[in-house]
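# Structural overview for review
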Amino acid sequence: MATYYSILTAIIRPEIQERISIGLLLMGDEGVHFNYSTNKMAAVRTILHENDYKLFKDYVQMVVAKVSEIGKQKQQISLDKNYSVINEPYINYLSRYNNNLLSFTPTKSIDVPSTDDIFIKLFHKFIDNIDQSKPIEQKRTFEAFRRKNEQILKSHYTIEKEIYNKELPGLIAPVKVDLIGMNEIPVYAQSIEMDRNVYHIENDIAKLLFLRDAFGKKFKHRTEFIVSSEPQKTQVKQHAIWKNLRTSHEFTYLDESEAGKIIEYAEQHGVKPLI
């Protein structure tokens, strides 16, 4: 099998087909690799309408899940005759959620092996030479944890809940939280992607502080989880923020590999979804 690559693009202005290169798919005898730029994801988030961005993010995560599954099963991957999407029934399912937001470029053959090192070099060349480029199938993400445990999480938490001032008096601005529930006290968990622009990280943390301050006016105690992972040390500011979060007494920090503790806590303390 020859080695092929295809670029995943975000369509930010469909009327003129304006696109941003988001991710890279590499396929060959040595393996299947995929990753996306968190920097560019953050940029797209500022451009798209909130509902469109949610669809956009869900689509990317579905591609991540499928490529990871293929890699674990050591299957090969092929594209359809139009080279627009991965040629499997699963992608027909994905495309229903596409909403004309993302597409793959036509595949191109390249005379190199589909190894990790080659993938990283191509990622830096075509997608992002700053963002981390390790193939996605080797990374643990909070989204993957949430998909895998969706049913049990739903029994304890409301997923992706946006909270407004009318629901929580004293809240300065609306805050969307990944997971939130109640027993006698509020229990919530928020993931923070530490490889993004510092502005976006600071904004996420500020919103969580808004939330904890508003809850603090009504409840003496709260259980608050931040789920994240260490960014590259070359991202000096992001790495410093990550170190501060790990040692902060404001929140309970969990590495993405420890996200299962959110379920353990909910089962032990009878947490129910926030209504």
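Preceding block: the structure.
Moving on, we come to the packing of helix α7 (residues 198-216) against helix α8 (residues 236-247). Put simply, α7 and α8 touch, their axes get as near as 10 Å, and they point 20° apart. Judged by the angle between their axes, α7 and α8 are roughly parallel. For the pair α7 and α8, the crossing hand works out as left-handed. Across the interface between the two elements, Val198, Ile201, Glu202 and Ile205 from α7 touch Lys237, Gln238, Ile241 and Leu245 from α8. Of the residues that constitute the contact of α7 with α8, the class distribution is five nonpolar, one polar and two charged.

Where burial is concerned, most of strand β2 (residues 18-28) is hidden: eight out of the 11 residues are buried. Pairing geometry for strand β1 (residues 3-13) and β2, over nine bridges, is antiparallel. Counted as the bridge partner of Ala10 is Ile20 from β2. Hairpin remark: β1 followed by β2, antiparallel, with four residues in the connecting loop; positive phi at Gln17, about 55°. Where β2 lies against strand β3 (residues 31-36), six bridges are found, and the strand directions are antiparallel. Its bridge partner being in β3, Leu26 is matched across the sheet by His33. Hairpin geometry of β2 and β3 is characterised by an intervening segment of two residues between the two adjacent antiparallel strands.

For the rest of this paragraph, the subject is the pattern of salt bridges. Applying the stated criterion to the full structure yields 11 salt bridges. Close ionic contact of Glu150 with Lys154 constitutes a salt bridge, the shortest N to O distance being 3.2 Å. Of the two residues, Glu150 and Lys154 both sit in helix α6 (residues 150-154), four residues apart, roughly one turn of that helix. Residue classification places Lys154 among the partly exposed positions, given a relative accessible area of 43%.

In this section: the side chain of Asp178. Within the secondary structure, Asp178 is located in strand β7 (residues 175-182). Once residues lying within four places of it in the same chain are set aside, the contact partners of Asp178 are Phe142, Arg146, Thr158, Ile159, Glu160, Ala189, Gln190 and Ser191.

You can see Phe251 is positioned in the loop between α8 and β10 (252-255). The spatial distance from the C-alpha of Phe251 to the C-alpha of Arg222 is 9.4 Å, given a sequence separation of 29 residues. Apart from residues lying up to four places away in sequence, Phe251 is in contact with Leu208, Leu209, Arg212, Glu224 and Ile226.

What counts, and at which threshold
- Residues numbered from 1 in each chain as written.
- Predicted model: local features only at pLDDT ≥ 70, side-chain atom pairs only at ≥ 80, totals over all residues.
- Heavy atoms only, no water.
- Axes fitted to C-alpha atoms, helices over the stretch in contact; angles between N-to-C directions.
- Helix = DSSP H or I, 4+ residues; strand = E, 2+ residues; numbered from the N terminus.
- Parallel < 35°, antiparallel > 145°, perpendicular 65-115°, else oblique.
- Left-handed = near helix turned anticlockwise from the far one by under 90°.
- Contact = heavy atoms within 4.5 Å.
- Nonpolar A, V, L, I, M, F, W, Y, C, P; charged D, E, K, R; others polar.
- Buried < 20%, exposed > 50% of the residue type's maximum accessible area, 1.4 Å probe, protein only.
- Pairing = 2+ DSSP bridges.
- Salt bridge = Lys/Arg side-chain N within 4 Å of Asp/Glu carboxyl O.

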